[in-house]
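Residues per chain, in single letters:
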Amino acid sequence: MSSYKPGRTSDRSVSRLSRRAFGGVVGASATAAAVGLPAAEAQARTGADERPFRAAARRGGRRPNILFILGDDLGWADLSSYGSPHIRTPNLDRLARQGVRFTDAYSGSATCSPTRFSLYTGRFPGRTKGGLAEPIADRSVGLDPTHPTLASLLRDAGYATALIGKWHCGYLPDYSPTKSGWDEFFGNFGGALEYYSKLGLAGEYDLYKGAVREGDAEYKDLRYYTRVLTERASEYVRRDHGGRPWLLNLNFTTPHWPWIADGDEEQSAEIVRRIKAGEKGALQHRDGGSVAKYKEMVEDLDRSIGEVLRALKKSGQERDTLVFFASDNGGERFSYNWPLSGNKGSLKEGGIRVPTIVRWPARIDGGQVSNEPVYTPDWTATLLEIGGARPDRAHPLDGTSLAPYLLKGEELAERELFWRVRGERALRRGGWKYYRGKDGADQLFDLDEDRREQADRAAAEPRILAELRRAWERTDEGLLPYA
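Let me sum up the structure you'll find in this document. (Residues numbered from 1 in each chain as written. Predicted model: local features only at pLDDT ≥ 70, side-chain atom pairs only at ≥ 80, totals over all residues. Heavy atoms only, no water.)

A few points about the side chain of serine 234
Threshold: The secondary structure listing takes helices from DSSP runs of H or I that are at least 4 residues long and strands from runs of E that are at least 2 residues long, numbered from the N terminus. In what follows, residue pairs with any heavy atoms lying within 4.5 Å of each other are defined as contacts.
Tracing the sequence through the fold places serine 234 in helix α7 (residues 225–238). The contacts of serine 234, once residues within four sequence positions are left out, are Glu307, Val308 and Ala311.

In structure tokens form, the structure reads like this:
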């Protein structure tokens, strides 16, 4: 990495330390200003005592259980603790008050399966053939079962592992969580399914239950999908794992389309009728949905996560369980992303900046906010280190472990966050972001001053633009090319 620190060429230069402190002190008020809310209301949502992150003095203890929860297509500001003026998410807000809320956290890509590749492998999606699909839409590619994963490495280190919910990293017979390190699987293989019938994009039934020694088989349950996943996850966290720590990847499909809330059985039946009639695109539900329906789905997701967290607390494992929550990418049509630009599929901030919360009572104090730029591959490296697992030397990680920062208070070195999708590129270093969209024009944004990405600084800062472009191209040279 270059030793060049992309600070400011004017007197408005702000150090990384002061930016972090400033963000924590005024976090609630800044949220209020961004969405037009009174400061008192914003503080009630985020917690009036939210303060800049500082590692706790506590050390040692057992390896944690890991409950890693992903929402699907949830936008950066869709939680009330992130500024939504109309969606109420009390359970996730409470989780944030009990842990650390990240303001500058990103997904590994702008769509579903590439981000999951970056989480499961800890590497850029473009390192593997399956990660080039944006997202996976057929049975031709998937996550190679021989590739080490977060689950396989933690399992080798003594963890019990399970994935409940959306996989979206390949289809049977060649690809499955049970072939890639998870002891058991309950969920769907594809990118989306109708919430009651469990019919997928091609009209196929897509709810399976699997285990390493038993394989994967269809599982019939025609209840609302979010309810089913919540029950399964609650049962898993209550289960006796024989003294072993566990990893549970809980991947909800909420609030991904189709826009169906619990109880919308008539709407479900109509979509199923259209799917069975052979109508292409019926599941995408482009002629349905609303802001009100989206609100229902997000609030239902919040209730469901609250139910799982209550089961965890009743099990007596809350203190020694690291709970992580984020979205797999930015929001879609009905999401509230203000003040960011862009949404799912784009490398603008709205397509990749996601709400992210971490809670681990045994080691991390609550009521904190971090403004450090972090993204999906970092969490893979972090969880492996915390779980006592070693990365595979033949498949070096692209992320940076945040364990020294979270647990010891070590300063994060300035580094580059890299993204690539077809037709777009982006790289963030410090507060600067290099972006090229489908029009082929290079742009430069100062995210400290302009997170909406409206003031292009390319002409004013040609040296910074050139260096960040070269940095992006150096990383890109090591990735697989698109076909």
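Notes on the packing of aromatic side chains
Which entries qualify depends on this criterion: The aromatic pairing rule takes the rings of Phe, Tyr and Trp, using the six-membered ring of Trp, and pairs them if the centres are within 6.5 Å, calling planes under 30 degrees apart stacked, those over 60 edge-to-face and the rest tilted. Summary of the burial criterion: residues with accessible area below 20% of their type's maximum are buried, those above 50% are exposed, and those between are partly exposed, where the area comes from a 1.4 Å probe applied to protein chains only. Placement of a charge over a ring requires the Lys NZ or Arg CZ to be within 6 Å of the ring centre, with the centre-to-atom vector within 35 degrees of the ring normal.
Overall, the coordinates contain 20 aromatic pairs when judged by the stated rule. Ring centres 5.2 Å apart and planes at 75° place the aromatic pair phenylalanine 186 and tyrosine 219 in the edge-to-face group. Taken together, the positions of phenylalanine 186 in strand β6 (residues 184–188) and tyrosine 219 in the loop between β8 (215–218) and α7 put the pair 33 residues apart, joining distant regions of the chain. Ring plane angle 75° and centroid distance 5.6 Å describe the contact between tyrosine 375 and tryptophan 419, whose orientation is recorded as edge-to-face. Residue tyrosine 375 is found in strand β13 (residues 374–375), and its partner tryptophan 419 is found in strand β14 (residues 416–421); the two are separated by 44 residues along the sequence. Considered together, tyrosine 375 and tryptophan 419 belong to a single accessibility category, that of buried residues. The positively charged end of arginine 232 is found above the aromatic ring belonging to phenylalanine 186, 4.2 Å away from the centroid.

Overview of the environment of leucine 247
Within the secondary structure, leucine 247 sits in strand β9 (residues 246–251). With 171 residues separating them in the primary sequence, leucine 247 and phenylalanine 418 have C-alpha atoms 27 Å apart. Beyond its immediate stretch of four places on either side in the chain, leucine 247 contacts Ile66, Leu150, Ala151, Leu154, Tyr159, Ala160, Thr161, Ala162, Trp182 and Tyr236.

Concerning the pairing of strand β2 (residues 65–71)
Inclusion rule: One bridge is not enough; two strands pair if DSSP finds at least two bridges between them.
Buried residues dominate β2, accounting for seven of its seven residues. On β2, burial covers both faces: Asn65, Leu67, Ile69 and Gly71 on one face and Ile66, Phe68 and Leu70 on the other are all buried. As defined by bridge partners, β2 adjoins β9 across five bridges and the pair is classed as parallel. Bridging from a neighbouring strand, isoleucine 69 pairs with leucine 250 of β9.

A word on the pairing of strand β17 (residues 442–446)
Burial analysis of β17 places four of its five residues in the buried class, which makes it a mostly covered element. In this structure, strand β16 (residues 432–436) lies alongside β17, joined through five bridges in antiparallel fashion. When the sheet's bridge partners are listed, tyrosine 434 is paired in β17 with leucine 444. Taking the residues that link successive antiparallel strands as the turn, the β16-β17 hairpin has five residues, and the phi of glycine 440 there is positive, at about 80°.

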